[in-house]
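Breakdown of the fold
Next come the chains, spelled out residue by residue.
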Amino acid sequence: MRRGAVVLDRVGAGLLILAGLVLVAGGMLWWTASAGIDGVERTRRVDNRLVEAADQIRYLDEVLTHSSARFALTGDPRWQTRYDRAVTQLDSAIATSRRLGGHAATGPLDAVAQANQRLIVLEARIFRLGAAGRLAEAQQTMLGEYEVQNQIYHAGLVEFVDGQERASAASMSSQQHTLVINRWIAVGLVVVLLAAVTSLGRLHRRQAALLDAQSDQLTDAAMTDALTGLANRRAAVAMLDSLVRAAERGRPGTVMFIDLDGFKAVNDTFGHATGDDVLIEAARRLHIVVEGEGEVARLGGDEFLVLLDGDLEQASHVAQACLDAVGNPFPVRAATVRLSASIGLATAGADSAQSLLQDADFAAAWAKEHGKSQIQHFDASMRQLILDRHHAENNLRDALAAGQLEVYYQPILRIGNDARQEPRVIGAEALIRWRHPDGNLIPPDKFIPTAEASWLIVDIGRLVLDRACQQLAIWTGAGLDLHLSVNISGRHLVHADLVGDLHTVLTTHQVDPTRLTIEVTETHLLGDLDRASAVLTQVRALGIRVALDDFTTGYSTLTHLTTLPADIIKIDRSFVAAITHEREHLLVEFLQRLADLSGMQTIAEGVETAQQLALLAKLGCHTVQGFLFNPALHPDQFLDYANASQVDVFK
Ligand code: C2E
Ligand code: CA
Ligand code: CA
């Protein structure tokens, strides 16, 4: 799970916990506050009634004292009535007070009750005396014990009422206390909640900032090429999109596709670490050239894309500067690497970003195919030609996969010094053909150029090596004493693992390496001569012989003779065809001498006439192949030919 999601989960859990806290704390607040308020209200009500009852008791006590005194003084029976009513009311007020205050609080009432009993007795006497008109006695009764009892009674009542009031005040203050505590609890909870909300908010902000930073980092990484730090392919497509949109609004824009020439050889020769350094340096140079004029991205491998504001003319200047920048030597590690670039330019029109990129790519491919180290402007005809080539390439790839490629063998013969002596077959050159499903046998000239332009030529090389060695093993097993030659393309030699492939086929088919020759065309090795000669040295170390194919006498060719390790010179067909002419005759003679001096052997190819054969033999060239004897043959035909012609191929 991504870290961001975990962080979000934590915030979510925090929010849930907070919500729970809010609910619980709110509930507690509500409960304590409402319980406290209820309690206070209840106590208030009781206390009020207690105070009222106390007031009434005090009042009725005075009424009793007063009315009995007045009766004793006046003998007026209305005072007795008043007295009786007050007694009843006092009893009920005391009962109420007892009920509300509880028995504990009503201790003093016991003394009151005793005094009351005595007072009632005394008062009954007072009323009796009063009723009998004995007022003086009645008044007398009011003094003495009555006064004493009355004081006890009165003091008791006062004590009771005071007690009630004190209890009420105490309970009031306790309730007040509860309310104060509740208020502090409430304040505490609010503080806790606020703190929780604040810290969660802070946490949330930190998490959000972290997530933002992470997603920024991810976006950067997704848009940046890790090796060079330039914008990557994805970013390039986004930039192309905006270039196309700007073009739609009438602002000119041009894209430049830069494909480094010969970069793969850098990797193969010096290793990937050096290759990486070269790419980093190339990226740095391109960035400097383009800065201020546009943007540069790495599409992958050794391909870069430059996006420029401005028309084709302005872009051409920048393209030339890029070409120059890449053309300067790269001093990396222990080596000095030299590169060039094939650059394609395309102007943003009404096309999509994708087709704009493709156009620039087509132009760069065109530049590469037409000599490399140059700038090409895209035009529509290129697209068709390159599409056709892609089409041809796909067809060929399918043919290879479908097993439609077959290997034929053209005999190579040895002629004696005496022209009358029968030539004998000493070997064959493996030559590829395409057995098309329509039955036609397509010659290699029709499809090898397509294969050479891609890695298919390496696959074809491996196929022919494998078939040829298999065939060689069969023929050698059947008693034939033969050598086989296989054509190897420059790409296979310089840019792939030819030595490894050779090792594999030799082991697989248990073939004697001295029976195998590889033919390389030195003109295909130009620019990669150092690497080529290193590989050829390894090939020869395996025991395999090396032939220089299509050998002519151009200036460079002759210098290569000294640098390329080889065993055989294959004298080109054009020389043989014209050997009757003095110039070509001299040249073949010269080549033969050169070979003799360098300890090399010659094979003349394209021998079509007996005259050519005789002239070659006279010049010392005794190994030949050509239509004078045979074209390339199917393996079965080859064996029939070897048997039927009775040529001296058997040991
Ligand atoms: P190459 O290596 O020079 O092969 C000799 C070519 O000359 C063959 O053509 C052969 O059929 C032709 N030839 C032989 N004797 C005569 C003759 O007396 N007169 C004339 N005019 N031509 C003669 P092919 O088989 O069509 O091959 C053409 C080229 O295709 C080869 O030229 C070689 O460069 C390439 N090629 C063929 N097979 C392979 C292969 O397996 N791998 C690679 N890389 N290239 C191949
Ligand atoms: Ca050849
Ligand atoms: Ca040849």
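As shown above, the structure is provided for reference.
Heads up: these notes are all about the structure in this document. Values in this document were obtained by computation on a predicted structure and should not be read as measured data. (Residues numbered from 1 in each chain as written. Chains lettered and ligands numbered in written order. Predicted model: local features only at pLDDT ≥ 70, side-chain atom pairs only at ≥ 80, totals over all residues. Heavy atoms only, no water.)

What follows concerns the overall build of the protein. A tally of regular secondary structure across the protein gives 21 helices and 16 strands. In terms of C-alpha radius of gyration, the protein reaches 60 Å, well past the compact-globule figure of 26 Å for 651 residues. Taking the principal axes of the C-alpha coordinates as reference, the protein spans close to 200 × 60 × 50 Å. Counting over 651 residues, the protein shows a buried share of 44%. Of the contacts made within the protein by residues no fewer than 6 positions apart, 70% connect residues no fewer than 24 positions apart. Carbon together with sulfur atoms contributes 55% to the accessible area of the protein, which is approximately 33100 Å² in total. (Helix = DSSP H or I, 4+ residues; strand = E, 2+ residues; numbered from the N terminus. Rg over C-alpha atoms; globule rule 2.2 N^0.38 Å. Buried < 20%, exposed > 50% of the residue type's maximum accessible area, 1.4 Å probe, protein only. Contact = heavy atoms within 4.5 Å. Areas by Shrake-Rupley, 256 points an atom, 1.4 Å probe, with all protein chains shown as cover.)

As a further point, take the coordination of the calcium ion (ligand 2). The coordination sphere of the calcium ion (ligand 2) contains the protein donors Glu429 (OE), Asn487 (OD1), Glu519 (OE) and Asp549 (OD), at a distance range of 2.1 to 2.3 Å. If you look at the calcium ion (ligand 2) and the calcium ion (ligand 3), they sit 3.8 Å from each other and are both ligated by Asp549. Placement of the pair is Glu429 in strand E9 (residues 424-435) and Asn487 in strand E11 (residues 483-487), with a sequence separation of 58 residues. Relative accessible area serves as the criterion here: at 27%, Asn487 is assigned to the partly exposed category. (Donors = N, O, S within 2.8 Å, 3.2 Å for Na, K, Ca; no water.)

What follows concerns the coordination of the calcium ion (ligand 3). For the calcium ion (ligand 3), the full set of protein donor atoms is Asp549 (OD), Asp550 (OD), Glu605 (OE) and Glu605 (OE), and the range of their distances to it is 2.1 to 2.4 Å. Between consecutive donor residues of the calcium ion (ligand 3), the sequence gaps follow D-D-x54-E.

For strand E2 (residues 294-300) and strand E3 (residues 303-309), the ladder comprises six bridges, and the chain directions are antiparallel. Its bridge partner lying in E3, Glu295 is registered against Leu307. (Pairing = 2+ DSSP bridges.)

What follows covers the packing of helix H6 (residues 233-248) against helix H10 (residues 353-369). It is at 9 Å that the axes of H6 and H10 come closest, and there the two elements cross at 105°. Comparing their axes, H10 and H6 come out roughly perpendicular. Along its contact with H6, which presents Arg233, Val237, Leu240, Asp241, Leu243 and Val244, the element H10 presents Ala353, Leu356 and Leu357. Taken together, the residues of the contact of H6 with H10 break down into seven nonpolar, no polar and two charged. (Axes fitted to C-alpha atoms, helices over the stretch in contact; angles between N-to-C directions. Parallel < 35°, antiparallel > 145°, perpendicular 65-115°, else oblique. Nonpolar A, V, L, I, M, F, W, Y, C, P; charged D, E, K, R; others polar.)

The environment of ligand 1 is made up of 19 residues, and the closest members are Gln410, Arg433, Arg573, Glu608 and Phe627. At 2.9 Å from a nitrogen atom of ligand 1 is found a side-chain nitrogen or oxygen belonging to Gln410. Side-chain polar atom of Asn487 to an oxygen atom of ligand 1: 3.1 Å apart, as the coordinates give it. In isolation ligand 1 exposes 790 Å². Once the protein is present, 85% of that is buried. Mapped by element, the contributors of at least two residues to the shell around ligand 1 are E9, helix H13 (456-477) and strand E13 (545-551). (Near = heavy atom within 4 Å. Polar contact = N/O pair within 3.5 Å; in protein donor to acceptor, adjacent residues only side chain to side chain.)

Moving on to the sheet that holds E2. What the five strands build is an open sheet, ordered E2-E3-E1-E6-E7; its pairing is mixed. Each end of this open sheet is capped by a strand with a single partner; those strands are E2 and strand E7 (374-377). Taking each pair of neighbouring strands and ignoring which way they run, the sheet shows an average axis angle of 20°. In the sheet, strand E1 (residues 253-261) pairs with strand E6 (residues 340-347) via eight bridges, with the strands oriented antiparallel. Counterpart to Ile258 in the pairing with E6 is Ile343. Lying over the sheet, helix H8 (residues 272-290) contacts E1, E2 and E3, oriented at roughly 160° with respect to E2.

With that out of the way, let us pick up the nonpolar core. Counting residues in hydrophobic clusters, the biggest one holds 78 residues, and the most contacted among them are Tyr409, Leu493, Leu498, Ile518, Val539 and Leu616. With 11 residues, the top contributor of residues to this core is H13. Sequence-distant contacts of Leu498, defined by excluding residues within four places in its chain, comprise Leu465, Ile488, His492, Leu493, Ile518, Val535 and Val539. (Core = buried A, V, L, I, M, F, W, Y, C linked by side-chain atoms within 4.5 Å.)

This part is about helix H19 (residues 582-597). Over its 16 residues, H19 runs 22 Å from end to end, which matches the ideal 22 Å to within 8%, given 1.5 Å per residue. If you follow the buried residues of H19, they end up packed against E13, strand E14 (568-571), helix H18 (573-577), strand E15 (601-604) and helix H20 (610-619). Immediately beyond the C-terminal end of H19, within one or two residues, lies Gly599, with a positive phi of roughly 70°. (Expected span 1.5 Å × (residues − 1).)

So, about the packing of helix H7 (residues 263-270) against H8. As a packed pair, H7 and H8 sit with axes 6 Å apart at the nearest point and diverge in direction by 145°. Between H7 and H8, the residues in contact are Phe263, Val266, Asn267 and Phe270 and His272, Thr274, Gly275, Val278 and Leu279, respectively. Across the contact of H7 with H8, the residue classes break down as five nonpolar, four polar and no charged.

Of all seven residues making up E13, five are buried, and the element is well covered by its neighbours. When strand E12 (residues 516-521) meets E13, the two strands line up parallel, connected through five bridges. Each residue of the ladder has a partner; that of Glu519, found in E13, is Ala547. When E13 meets E14, the two strands line up parallel, connected through three bridges. By the bridge assignment for E14, Phe551 is matched with Ile571.

Time to look at the packing of aromatic side chains. Summed over the entire model, instances satisfying the criterion amount to seven aromatic pairs. Between the aromatic rings of Phe71 and Phe127, the centroid separation amounts to 4.6 Å while the plane-to-plane angle is 55°, which identifies the pairing as tilted. Here the residue Phe71 occupies a position in helix H1 (residues 3-74), and Phe127 occupies one in helix H3 (residues 108-131), the gap between them amounting to 56 residues. For the residue pair Phe71 and Phe127, the accessibility class agrees, reading buried in each case. Taking 6.5 Å as the distance between ring centres and 20° as the angle between the ring planes, the aromatic pair formed by Phe362 and Phe378 counts as stacked. (Phe/Tyr/Trp six-rings, centres within 6.5 Å; stacked < 30°, edge-to-face > 60°.)

Let us now look at the environment of Leu586. The residue Leu586 is located in helix H19 in this model. Judged by its relative accessible area of 48%, Leu586 falls in the partly exposed class. Put simply, Leu586 and Leu619 are 33 residues apart on the chain and 9.6 Å apart in space, counted from C-alpha to C-alpha.

Tallied over the full model, the rule gives 23 salt bridges. Residue Asp309 pairs with Arg251 through a salt bridge whose shortest N-O separation is 3.3 Å. Note that Asp309 is positioned in strand E3 and Arg251 in the loop between H6 and E1, a separation of 58 residues in sequence. For Arg251, a relative accessible area of 47% translates into the label partly exposed. Among the ionic pairs, Asp501 bridges to Arg462, the shortest N-O distance being 2.8 Å. A residue pair is termed long-range when its members are at least 10 positions apart, and Asp501 in helix H15 (residues 498-509) and Arg462 in helix H13 qualify at 39 residues. Owing to a relative accessible area of 36%, Arg462 belongs among the partly exposed residues under this scheme. Each member of the salt-bridge network shares a partner with another, and the members are Glu429, Glu519, Lys570 and Glu605. (Salt bridge = Lys/Arg side-chain N within 4 Å of Asp/Glu carboxyl O.)

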